[in-house]
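Chain and residue survey
So you can see what is in the structure, the chains are spelled out below.
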Amino acid sequence: MIAKLSGAMLPEKVWNRLRGGFRQGGAASVSPEREAGSRSAFWVMVQKELGDHIRSWRFTILIGIIVLACIGSIYSSITAIKGGSSDGQSGTTFLFLKMFTLSSSTLSLPTFTTFLSWLGPLIGISLGFDAVNSERNKGTLGRLLSQPIYRDDFLKAKFTASLLLIAIVVFSLGLSVTGLGLLTIGYPPTPEEFWRILFFLIIAVVYIGFWLNLSILFSIRFRQAATSALSGIAAWLFLTLFYSMIINLIDSATAVSQMATVSEQLHHANFILTLNRLSPTELFSETISTLLSPGVRSLGPLTMDQLVGAISSPLSLGQSLLLVWPQLTGLLAATVLCFGLSYYIFMRQEVRSRN
Amino acid sequence: MKPMDIREKQPMMTEEKLLDSANASSGEAPVIELESLTKRYGAFTAVDNLSLRIRKGEVFGLLGPNGAGKTTTILMMLGLTERTAGSARICGFDPARSALQVKRRVGYMPDDIGFYEDRTGLDNLVYTARLNGAAPAEAQKRAKELLEKVGLAGSARAKVSTYSRGMRQRLGLADVLVKQPEVIILDEPTLGIDPEGVRELLRLISDLSRNEGITVLLSSHQLQQVQQICDRVGLFVQGKLIACGDIATLSVELNQERRVEVELAVRPWSEGLSARLKALPGVLEVQSGEWKKEEAIPGSSRVTVACDRDLTAAIASEVIHSGAELYDMRRREFGLDEIYHRYFEKKEE
């Protein structure tokens, strides 16, 4: 009551002065109106980036490759399903998910998930490898950053636009596979299957987002677009091809004998598994195999003792998610790490035109 | 043109005062105020203790050779580079702390301006306007008006990759103006354009400053081009501002021995005449040589007389009284080029 009164009694002059004082004091912090202005600038940037990507040849070519690969893999899985080559492990349950995981033995085409885990990183790398250095080389970076935008908004806009695009591509691919499957096998997915597919697509976006971030990091670090593209592709090849070979090498070099105690064998298996899980590719494949094959009950080694009394039935969706939670966290952490590094380097970089 | 007055009138303003005056946008407060600004890269000092004040509506030329630190200074003013020491205030804001406020008011054209090549000129401008918070329709309108103004209306819908260097530079100017700035900073705006293009661009810039009261800071190493439109210039060498003022003041400041040079073309040139000229009180030196220009009269000589005051009339009457013919006579003015050159000469001595 008293506060109200005094507020009403404050002479206009004092009130104005107070407001003026706030305005002055708040020169460094942003007023709401200004804040809104810079936020709209952020979305303007996102729009422009999206437009640039969609018009670019590289995107068209990539989409072409991926769509072709998907059609091939769907054809292969449908042939397999029609041929009745179900592994017999879970019968007709989760038949629909087999659209994503099954491949025909006669056609020898990889599955949809394999294609996605192979080509997904390529989309990510190709959308990000020249994000910053091409702007720098064209001399647009200096011009852009002299506009009233925050430096981090620039990075975030680049990332957001590409990630949005990736999400659109992944979801439209995944949903069209679902639709095609519906048409050809005429067997509708159960709600749980549908949710599993949705989660699988979200995780695929996160995974590709990691590669996008890595390539943006390279594009900040390296001044030449070619260098950054090559580094991105090198990292991709290393993690998808060579890393598992190296792990195999270490595995055979450090192998314990068959006669060793259970704890020793377990220790060794866990050690190799941990090494494997350093690679985001491995994390991704573990995640999707759990989500799309509900029969998977554990991602680590199991002893016979642990299996005693286990009921041989698929896991529920919640349990599957719980099982891959650490993997998902790892993927997100790798993404955030890349983004943090990019941020750190970019904020300290000098903005000069073309040097 | 009395820059000195302002410097004395405003000793060390407090922050509050500065803000107030900036808000009131009175013509008195300096729009750009640099106080012992310094930038070091390791052991190398790119900008050394630079202090500068530029008033509203002024066209200021920052002149200096390549690598003098002009671009670094500009980047510090925009908050795109961190300064090592000193302070800067642009329109009353500190670029290191509230860069966004500064960037909202200052248009900056980098020396090798780049555009999105696969977009049209109009698209590029609209994008900049939208980044500055203009609504789509408003951005379109502004962009079209400005393209008209810089004479690019015809190629508004052509991709920037088809533009010539001069067109790019004009598009750059439009790009700077589309945010409706209070200050524009142009880094080497005349670089790489043909003389006609330079004239047009400079005319545009000076029109802007006259008609719309925009403060212009332009950096250049092409002195004679810039001296036509600058109200004041600062000579910037190796990170230091060595002289600052309008061209007449600079000329006096740097030409302290008050040397005047008179050039004449005389026929016939003789030792006797030379002696007579040398005998004039105030003449320091007489040099003669063959007149080599196309319009030269056969047998005439080109003579340069250096004196400590303006003796043009006395020299003319001396030559005519001696019976020789006088074809050409000119008192040499000190342009920016000369000033600049003389500065370096002095330094070497």
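Residues numbered from 1 in each chain as written. Chains lettered and ligands numbered in written order. Predicted model: local features only at pLDDT ≥ 70, side-chain atom pairs only at ≥ 80, totals over all residues. Heavy atoms only, no water.

**Some thoughts on the overall build of chain A**
In terms of helices and strands, chain A carries 15 helices and zero strands. Relative to its 355 residues, chain A shows a buried fraction of 45%. Residue pairs in contact within chain A that sit at least 24 positions apart in sequence constitute 80% of those at least 6 positions apart. (Helix = DSSP H or I, 4+ residues; strand = E, 2+ residues; numbered from the N terminus. Buried < 20%, exposed > 50% of the residue type's maximum accessible area, 1.4 Å probe, protein only. Contact = heavy atoms within 4.5 Å.)

**Some points on helix α6 (residues 136-149) of chain B**
Residue and element names in this part refer to chain B. In this model, α6 (14 residues) spans 20 Å end to end at C-alpha, consistent with the 20 Å of a helix rising 1.5 Å per residue. Those residues of α6 lying buried are Ala-139, Arg-142, Ala-143, Leu-146 and Leu-147. Taken end-on, α6 shows its buried residues confined to a sector of 130°, consistent with a single buried face. Among the exposed residues of α6, those pointing more than 90 degrees away from its buried face are Ala-137 and Glu-148. Against the buried residues of α6 lie α5 (121-131) and α7 (165-177). In the stretch just after α6, Gly-151 is the one whose phi turns positive, near 80°. (Expected span 1.5 Å × (residues − 1). Arc of directions from axis to C-beta.)

**A word on the nonpolar core**
Generally speaking, nonpolar side chains in soluble globular proteins are found buried as a group. Formed by 119 residues in total, the largest nonpolar core has its most connected members in A:Trp211 and B:Ile32. Residue contributions to this core peak at 16 residues, all from helix α10 (residues 191-221) of chain A. With residues up to four places along the chain from it excluded, the contact list for B:Ile32 reads B:Leu52, B:Arg53, B:Ile54, B:Met77, B:Arg89, B:Ile90, B:Val183 and B:Leu217. One finds B:Ala129, B:Leu147, B:Val198 and B:Val233 within the second-largest nonpolar core, a separate group that totals 47 residues. (Core = buried A, V, L, I, M, F, W, Y, C linked by side-chain atoms within 4.5 Å.)

**Concerning the sheet that holds strand β5 (residues 106-109) of chain B**
All names here are of chain B. Strand order across the open sheet formed by six strands is β5-β6-β7-β3-β8-β9, with mixed pairing between neighbours. The sheet is open, and its two borders are formed by β5 and β9 (240-245), each paired with just one other strand. Shown here is a sheet whose adjacent strand axes are inclined to one another by a mean of 15°, direction ignored. Bridging between strand β8 (residues 232-237) and β9 involves five bridges; their strand directions are antiparallel. When the sheet's bridge partners are listed, Phe-236 is paired in β9 with Leu-241. Together, β3 (59-63), β6 (183-187) and β7 (215-220) form the strand contacts of helix α8 (residues 195-212), whose direction differs from that of β7 by roughly 155°. (Pairing = 2+ DSSP bridges. Axes fitted to C-alpha atoms, helices over the stretch in contact; angles between N-to-C directions.)

**Regarding the interface of chain A and chain B**
Counting residues at the interface gives 31 residues for chain A, matched by 36 residues for chain B. For the chain A and chain B pair, buried surface summed over both sides reaches about 3,300 Å², with 49% attributable to carbon and sulfur atoms. Across the chain A-chain B interface, the total number found is two salt bridges. A salt bridge links B:Asp175 to A:Arg143; the nearest nitrogen and oxygen atoms lie 2.8 Å apart. Linking chain A to chain B there are 13 residue pairs in polar contact (both at pLDDT 80 or more). At the level of secondary structure, the elements contributing two or more residues to the side of chain A that touches chain B comprise α3 (32-55), α7 (133-138) and α8 (140-145) of chain A. Looking at the side of chain A that touches chain B residue by residue, the classes come out as ten nonpolar, ten polar and eleven charged. (Buried area = accessible area lost by both parts, 1.4 Å probe. Salt bridge = Lys/Arg side-chain N within 4 Å of Asp/Glu carboxyl O. Polar contact = N/O pair within 3.5 Å; in protein donor to acceptor, adjacent residues only side chain to side chain. Nonpolar A, V, L, I, M, F, W, Y, C, P; charged D, E, K, R; others polar.)

**Here we look at the packing of aromatic side chains**
Residue and element names in this part refer to chain A. Scanning the entire structure with this criterion turns up 16 aromatic pairs over all chains. Between Phe-194 and Trp-195, the aromatic rings sit 6.4 Å apart at their centres with planes inclined by 65°, giving edge-to-face as the arrangement. Taken together, Tyr-207, Phe-210, Trp-211 and Phe-284 form an aromatic cluster joined through their ring pairs. Between Arg-151 and the ring centre of Phe-346, over which it is positioned, the NZ or CZ distance is 5.8 Å. (Phe/Tyr/Trp six-rings, centres within 6.5 Å; stacked < 30°, edge-to-face > 60°. Lys NZ or Arg CZ within 6 Å of the ring centre and 35° of its normal.)

**Notes on the environment of A:Leu97**
Residue and element names in this part refer to chain A. For Leu-97, the position within the fold is in the loop between α4 (57-82) and α5 (98-101). Between the C-alpha atoms of Leu-97 and Leu-291, which are 194 residues apart in sequence, the distance is 9.3 Å. In contact with Leu-97, not counting residues within four places along its chain, are Glu-193, Arg-196, Ile-197, Leu-291, Leu-292 and Pro-294.

**Some words on the side chain of A:Ser73**
Residues and elements named next belong to chain A. Take Ser-73: it is sitting in helix α4. The buried category is assigned to Ser-73, whose relative accessible area is 1%. Dropping the residues within four chain positions of it, Ser-73 is found in contact with Pro-110, Thr-111, Phe-112 and Phe-115.

**Notes on the sheet that holds strand β13 (residues 325-331) of chain B**
Residues and elements named next belong to chain B. A sheet is described by the order of its strands in space; here four strands give the open sequence β11-β12-β10-β13, paired in antiparallel fashion. Looking at which strands have only one partner, the edges of the open sheet turn out to be β11 (283-290) and β13. Going across the sheet, the axis of each strand differs from the next one's by a mean of 20°, ignoring polarity. Strand direction decides the pairing type here: β11 and strand β12 (residues 301-307), joined by seven bridges, are antiparallel. Following the sheet pairing, Ser-288 is matched in β12 by Val-303. Packing of helix α11 (residues 271-279) onto the sheet brings it into contact with β10 (260-267), β11 and β12, and relative to β11 it is tilted by some 155°. Its contacts with the sheet place helix α12 (residues 312-321) against β10, β12 and β13, and it is angled at close to 170° to β13.

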